[in-house]
Amino acid sequence: KSLDKGLKKTKEGFFSKLTRSVAGKSKVDDEVLDDLEEILVTSDVGVDTTLKIIDRIEERVSKDKYFGTEELNKILREEISGLLEENNSGSETEFVIPQQDAPYVIMVVGVNGVGKTTTIGKLAYQFKKAGKKVVLGAADTFRAAAIDQLKIWSERVDVPIVTQKMGSDPASVAFDTLQSAQAQDADVVIIDTAGRLHNKVNLMNELGKIKKVMKKVIPDAPHEVMLVLDASTGQNAIEQAKQFTRVTEVTGMALTKLDGTAKGGVVIGISDLFKIPVRYIGVGERMEDLQVFNKYEFVDSLFG
Ligand code: GDP
């Protein structure tokens, strides 16, 4: 399965270490728990979430007195699944767009370099493949490269894009995009935005203005604010999630670059800390390398 491949490094770091730690042991002792703690932290689960998991396991171990390692695996799976948010997308393999008259508007936010443009391209590809009419909007007008990159994706996937020149008002691009999408009777609109976190007040104002202007065209837009985070940056991704959730309401997340990293545990920490569903995970650079996140599949992959 491609998820197994995508999570290969995390799995090696996580499951193999765990197996080694408990090999030959007949019960969960302090040493196993210490090892487990270290494994979780080095997989970038995050200290708070790790301690939460260890506490729960200690509690269950002391209550039931005795645990073999197979049972430890089972408990660990249960505890980790419990911390992961359900994707709630209505399907395990695709993101189900609700039936509605107006186009479904996804506003994509995130810092430059995390894979925002690529994720938008991959999303457009998936929706198009599912028979949806997609329109892209290049509202990251701060960098010429951002507009160009998105154009390239729109050609690659063969979906229309609305752009204005660099430096123009992002809210104006969003407005045009929604109008154009409505006129074309589109199903899905995906809007790229600039992610300059070093200027938080500006970012907050900019995203706020984009949202306000969107509502002039479609009153309940955006229907989703999707935060894109690079999983390979581990704790940095958590920091970015903190910052973005302070500047705007985030309703879903996409975690990219899980294929090249052993830090896949960050998915668990982020889910636990923010209680925002992870909708998608990026497992490669190709158009097809975006998967709807399924927490059970994810946990299965971690445990071999
Ligand atoms: P942006 O600045 O956030 O728009 O980032 P880009 O979309 O331009 O992506 C930055 C780099 O990350 C590019 O080289 C992408 O091919 C790469 N990338 C994006 N998503 C993934 C992923 O899921 N896996 C891998 N391995 N690379 C990715």
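Residues numbered from 1 in each chain as written. Predicted model: local features only at pLDDT ≥ 70, side-chain atom pairs only at ≥ 80, totals over all residues. Heavy atoms only, no water.

Named according to an unreviewed UniProt entry, the chain is Signal recognition particle receptor FtsY originating from Salibacter halophilus. Per UniProt, the chain has the following entry under Function (unreviewed entry): "Involved in targeting and insertion of nascent membrane proteins into the cytoplasmic membrane. Acts as a receptor for the complex formed by the signal recognition particle (SRP) and the ribosome-nascent chain (RNC)." Turning to the chain, the UniProt record has this under Catalytic activity (unreviewed entry): "GTP + H2O = GDP + phosphate + H(+)". (UniProt positions renumbered as here; feature names shortened; annotations may be inferred.)

Would you mind going over the packing of aromatic side chains in detail, with residue names and values included?
Going through the model one piece at a time under the given rule, you end up with four aromatic pairs. Through pairs of rings, three or more aromatic residues link up here, namely F95, Y104, F127 and Y280. When the ring centre of W153 is taken as origin, the NZ or CZ atom of R156, which lies over that ring, is 4.3 Å away. Lying across the ring of F142, R196 places its NZ or CZ 3.7 Å from the centre. (Phe/Tyr/Trp six-rings, centres within 6.5 Å; stacked < 30°, edge-to-face > 60°. Lys NZ or Arg CZ within 6 Å of the ring centre and 35° of its normal.)

Account for the site of the ligand, with residues named and values stated.
Around the ligand, 16 residues are found, and the nearest of them are G113, T117, T118, D259 and E285. Within the backbone of G284, a nitrogen or oxygen atom sits 3.2 Å from an oxygen atom of the ligand. Here the ligand, which alone exposes 580 Å², has 77% of that area covered by the protein. Considering every element that reaches the shell around the ligand, the biggest residue donor is helix 6 (residues 116-129), with four residues. (Near = heavy atom within 4 Å. Polar contact = N/O pair within 3.5 Å; in protein donor to acceptor, adjacent residues only side chain to side chain. Areas by Shrake-Rupley, 256 points an atom, 1.4 Å probe, with all protein chains shown as cover. Helix = DSSP H or I, 4+ residues; strand = E, 2+ residues; numbered from the N terminus.)

Just give me the short version of helix 5 (residues 69-83), but keep the residues and values in it.
The terminal C-alpha atoms of helix 5 lie 21 Å apart, and with 15 residues this matches the ideal 21 Å at 1.5 Å per residue to within 8%. Looking only at helix 5, the buried set comprises L72, I75, L76, E79, I80, S81 and L83. Residues of helix 5 that are buried sit in contact with helix 2 (8-22), helix 3 (30-42), helix 4 (47-63), helix 11 (266-274) and helix 12 (295-302). (Expected span 1.5 Å × (residues − 1). Buried < 20%, exposed > 50% of the residue type's maximum accessible area, 1.4 Å probe, protein only. Contact = heavy atoms within 4.5 Å.)

Go over the sheet that holds strand 4 (residues 188-193) with me, naming the residues and quoting the values.
The strand order 3-2-4-1-5-6-7-8 describes an open sheet built from eight strands, whose pairing is mixed. Strand pairing shows two members of the sheet lacking a second neighbour, strand 3 (161-162) and strand 8 (290-292), which therefore form its edges. Judged from the three bridges that link them, strand 6 (residues 252-256) and strand 7 (residues 278-282) form a sheet pairing that is parallel. Counterpart to A254 in the pairing with strand 7 is Y280. Helix 10 (residues 235-247) rests against strand 1 (104-109) and strand 5 (224-230) of the sheet, and its axis sits at about 155 degrees to strand 5. (Pairing = 2+ DSSP bridges. Axes fitted to C-alpha atoms, helices over the stretch in contact; angles between N-to-C directions.)

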